[in-house]
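What follows is each chain in one-letter form.
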Amino acid sequence: MNKNFGLLIKRLILSNDVDKREVEFSEGLNIISGPTDTGKTYVFQWLKYMLGSNDSPKTIPENRDYLDGYLEIYSFAKKDTITLRRVFSTNKVYIYSCSFESINDKTEYLQVNTKGRTKLISSNMMEYLGANSEIELRTHVEEEKYRKLAFRDFLHFSLIDEKEVIKDKTLLTTGQYVSRTVELNAFFYFISGKYTSFISYLSKLRTGKKKKEKPQIDKTDYLDELIIETQNQLDSLQSGEDSLEISFKEDLLFVTSEIKQHSEVIKETFENTEKLKTKRLVNQELLKRFNLLKEHFNSDLQRLDFILEGGSIISNLQPENCPTCGKQLDSYHDETHHEKVVRGVNYERLISSYSSEKEKIILNLSDLSMTTGNLEDDIEKINEEILIEEKRYSEIKQKVENELKPTQASLQEKIDKQVDAKLIKAKIEYLTNQLIRLNSQKGSFSTINMLIESPKEPTVEKDIVDRSIEELTNLMNGFLIDMKFPGLDFKLNNVSFDFKEFDFIINGKARSVFGKGFRSIIYSVFVISLMDYCQKNNLPHAGFVVIDSPLTTYQEANGTEEEEKVPEELKVRFLNTFSNIVGSQIIILENKFSISVDEDKMNFIEFTKDRTTGRYGFM
């Protein structure tokens, strides 16, 4: 089949530059089956992440090193293979125009982003998908506001996680109120290929019907009341209109700039003052230590004087004879009968030593006095500089607080008044035009009555969308009958669409009232039918559907009520039904089946969670 739209996911690879972990996919049905905690949901998270999601895959113990992700894709629009590369927890994606094996250090690539304002991955993926990125979807029912069709609009119907698949709200939106209109318009564009404002059309259609149902009232009196009320408002505004046209913006900019400059000077002055105070503190501490040293030197001088005085006294003593040998003790003796060697005091040598030591101390005292003098001078100068800086700081701060800021506030108040005056003028202009319109409506009221009584409603949009919805529901009905979904009449179309709730009704029963397991199956049937419908009608689609746990739902795994569980036989019929799909790709991540499936008709990958048998898991 020659396809013009869509992508085919070929391989998901996680690498650490030395080794890799990968899983391969094929066209048709792909099943990844296995017990809990074998990496099935991790595969889903990486697929979503590689296609542009800003939510990083959860960190798991099994994967601490494999942080380089690669996604090999075949583009039916380009008829070529591309590979996306993304590093864990980054918003940059590298696109290579080749297969994974062909990538080396010299391979050229295109770098894009998943968020930001430029080089977004969405536009590139739209090109590979073959969709027109210039299509504009209306975003508001009443206002003429639009945004361009994006790749995420396609992914909403292609990547279905284990929580989304069981939801009981409309399948067509993400559940965000602000994006509801644009998401619904995207769906109706997908199935019709034409209308990007269908919700606005439906809203007007419903409003028109409500108008027809209500009895007509006499609107002449009503218009007269509106005219009088509008005129009164206009007169009141015109009486208090401010005609001041002087601009204060330049003055405000100047004053604001002055405040900024002065604030910088205040900051600089404060910092300088703190530095000077620190320097003064250091000098004061040095001065304390030098004064202590000076006291030590003076103490040494006193000690020298004491020694000199003692030496003088000792030198004047009369010598005595040794009681043993009878010799004088002022001479040197080394005989064994002396316990100590006694030497007489040499007063001349004592004077010489005293003078030399005193000279050194006096010299040190002189240097110390000069240093302390310099320190005292520095401290005095620093005190003067501190006084100057503090005075400067006080003056500038006072100027900012008492002059500049009040001036700024006054100018801002004047500008605000000017804005109010402009708003008043705009409102006066609006009310003036409103008066003209009301008087005009009053004059042509009879013509308006005729238009209200016989509205002419366009039907082309609704006819095309109705036919598209009918074809889509027929496809859903066929799949549900094929898998023998409970409660269906096999001779009728059991599926219809509720344009009020924007959801599907199965055999007269709203999808939202089914149990979680059956809602999950209906959701899966819908997204696969939509893919099949777009392919048959040559309409843009992502080309693949990935569903996490459609048969063993998220709640079921955590203890769902018994009546909400899906019978095992229906699960197998579900898989066998979609194993016959042709030309599209379905990827289902599911728990291990208690009933065997025909693995020959699908790409069946089993995670065993057993190190001795088969493949343990993704990592």
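What this report covers is the structure whose coordinates are included nearby. (Residues numbered from 1 in each chain as written. Predicted model: local features only at pLDDT ≥ 70, side-chain atom pairs only at ≥ 80, totals over all residues. Heavy atoms only, no water.)

A look at the overall build of the chain
The secondary structure content of the chain amounts to 13 helices and 16 strands. When the 619 residues of the chain are sorted by exposure, 41% land in the buried category. Expressed as a percentage of contacts within the chain between residues at least 6 apart in sequence, the contacts between residues at least 24 apart total 68%. Only carbon and sulfur atoms are counted for the fraction: they give 50% of the accessible area of the chain, which is about 35,900 Å². (Helix = DSSP H or I, 4+ residues; strand = E, 2+ residues; numbered from the N terminus. Buried < 20%, exposed > 50% of the residue type's maximum accessible area, 1.4 Å probe, protein only. Contact = heavy atoms within 4.5 Å. Areas by Shrake-Rupley, 256 points an atom, 1.4 Å probe, with all protein chains shown as cover.)

Quick look at the nonpolar core
One finds Leu12, Leu51, Leu84, Phe187, Phe188, Phe485 and Phe526 to be the most contacted residues of the largest nonpolar core, which totals 114 residues. The biggest single contributor to this core is helix α11 (residues 516-536), with 12 residues. Once you skip the residues sitting within four places of it in the chain, leucine 51 turns out to touch Leu71, Ile73, Leu84, Met125, Phe151, Leu155, Leu159 and Phe544. One finds Leu252, Ile259, Ile396 and Ile415 within the second-largest nonpolar core, a separate group that totals 9 residues. (Core = buried A, V, L, I, M, F, W, Y, C linked by side-chain atoms within 4.5 Å.)

Re the sheet that holds strand β4 (residues 68-75)
Spatial ordering of the open sheet is given by β2-β1-β4-β5-β6-β7, a layout of 6 strands whose pairing is antiparallel. Sheet topology places β2 (20-24) and β7 (110-113) at the edges, where each strand pairs with a single neighbour. Strand-to-strand twist in this sheet, taken as the mean axis angle between neighbours without regard to direction, amounts to 25°. Note that strand β5 (residues 80-87) and strand β6 (residues 92-96) share 3 bridges and pair antiparallel. Counterpart to arginine 85 in the pairing with β6 is tyrosine 94. Here helix α1 (residues 40-50) sits on the sheet in contact with β1 (7-15), β2, β4 and β5, set at roughly 110° to β1. Each of β1, β4, β5, β6 and β7 is contacted by helix α2 (residues 121-129), which is oriented at about 120° to β7, the strand it contacts most. (Pairing = 2+ DSSP bridges. Axes fitted to C-alpha atoms, helices over the stretch in contact; angles between N-to-C directions.)

Concerning the sheet that holds strand β14 (residues 544-548)
Sheet architecture is open: 5 strands sit in the order β10-β14-β15-β3-β16, paired in parallel fashion. Single-partner strands in this sheet number two, and they are β10 (159-160) and β16 (603-606). Looking at chain direction, strand β3 (residues 28-33) and β16 are connected through 4 bridges and run parallel. Following the sheet pairing, isoleucine 31 is matched in β16 by phenylalanine 604.

Points about a negative patch on the surface
On the surface, Glu376, Asp377, Asp378, Glu380, Glu384 and Glu385 cluster together into a patch of negative charge. Counting through the fold element by element, glutamate 380 comes out in helix α8 (residues 347-443). Classification of glutamate 380 as partly exposed rests on a relative accessible area of 46%. (Patch = residues over 30% accessible without salt bridge, like charges linked within 9 Å, V, L, I, M, F, W, Y side chains within 5 Å. Salt bridge = Lys/Arg side-chain N within 4 Å of Asp/Glu carboxyl O. Lys, Arg positive; Asp, Glu negative; His and termini not counted. Charge placed at Lys NZ, Arg CZ, Asp CG, Glu CD.)

Here's the deal with the packing of helix α4 (residues 180-192) against helix α10 (residues 460-482)
Contact geometry for α4 and α10: axes closest at 9 Å, N-to-C directions at 80°. The angle between α4 and α10 places the two elements in the roughly perpendicular class. Of α10, the residues touching α4 (which contributes Phe187, Phe188, Ile191 and Ser192) are Ile464, Val465, Ser468, Ile469 and Leu472. (Parallel < 35°, antiparallel > 145°, perpendicular 65-115°, else oblique.)

Looking at unusual backbone geometry
Glycine aside, residues mostly have negative phi angles, and peptide bonds mostly take the trans form. Of note in the backbone geometry, aspartate 37 takes a positive phi value of approximately 65° without being a glycine. With respect to the helices, strands and loops of the structure, aspartate 37 is situated in the loop between β3 and α1. For aspartate 37, a relative accessible area of 58% puts it in the exposed group. If you check the backbone angles, lysine 119 has positive phi at about 50° while not being a glycine. Turning to its location among the elements, lysine 119 is positioned in the loop between β7 and α2.

Things to note about the environment of valine 400
Position of valine 400 among the secondary structure elements: in helix α8. Taking relative accessible area as the criterion, valine 400 reaches 3% and is therefore assigned buried. For the pair formed by valine 400 and lysine 260, sequence separation is 140 residues and the distance between their alpha carbons is 9.5 Å. In this view, valine 400 contacts Ile259, His262, Ile266, Lys405 and Pro406; residues no more than four positions away in its chain are not counted.

Let's talk about the packing of α4 against α11
Two numbers describe how α4 lies on α11: the axes approach to 9 Å, and their chain directions differ by 45°. Of the possible angle classes, the one that applies to α4 and α11 is oblique. Contacts between α4 and α11 involve Phe187, Phe190 and Ile191 from the former and Phe526, Leu530, Tyr533 and Cys534 from the latter. In the contact of α4 with α11, the residues fall into 7 nonpolar, no polar and no charged. (Nonpolar A, V, L, I, M, F, W, Y, C, P; charged D, E, K, R; others polar.)

Brief notes about the pattern of salt bridges
This structure, assessed with the given rule, holds 21 salt bridges. Salt-bridge contacts for glutamate 72 lead to lysine 10; the nearest nitrogen and oxygen are separated by 3.9 Å. With a gap of 62 residues between them, glutamate 72 in strand β4 and lysine 10 in strand β1 connect regions that are remote in the sequence. For glutamate 72, a relative accessible area of 5% gives the class buried. Judged by its relative accessible area of 26%, lysine 10 falls in the partly exposed class. Counted as one network, the salt bridges with shared partners bring together Lys10, Arg11, Lys20, Glu22, Glu72 and Glu101.

Here we look at the side chain of threonine 577
By secondary structure assignment, the location of threonine 577 is in helix α13 (residues 568-578). Residue threonine 577 is classed as buried on the basis of its relative accessible area, which comes to 6%. A polar atom in the side chain of threonine 577 sits 2.8 Å from the backbone oxygen of arginine 573. Excluding residues within four positions of it along the chain, threonine 577 makes contact with Phe479, Asp482 and Met483. (Polar contact = N/O pair within 3.5 Å; in protein donor to acceptor, adjacent residues only side chain to side chain.)

Details of the side chain of threonine 107
Relative to the assigned elements, threonine 107 resides in the loop between β6 and β7. Of the residues examined, threonine 107 reaches a relative accessible area of 17% and is grouped as buried. Polar side-chain contacts of threonine 107 include one of 3.4 Å to the backbone oxygen of serine 102. A distance of 2.8 Å separates the side chain of threonine 107 from the backbone nitrogen of asparagine 104, its partner in a polar contact. Among all residues touching threonine 107, those that are not within four sequence positions of it are Tyr96, Cys98 and Ser102.

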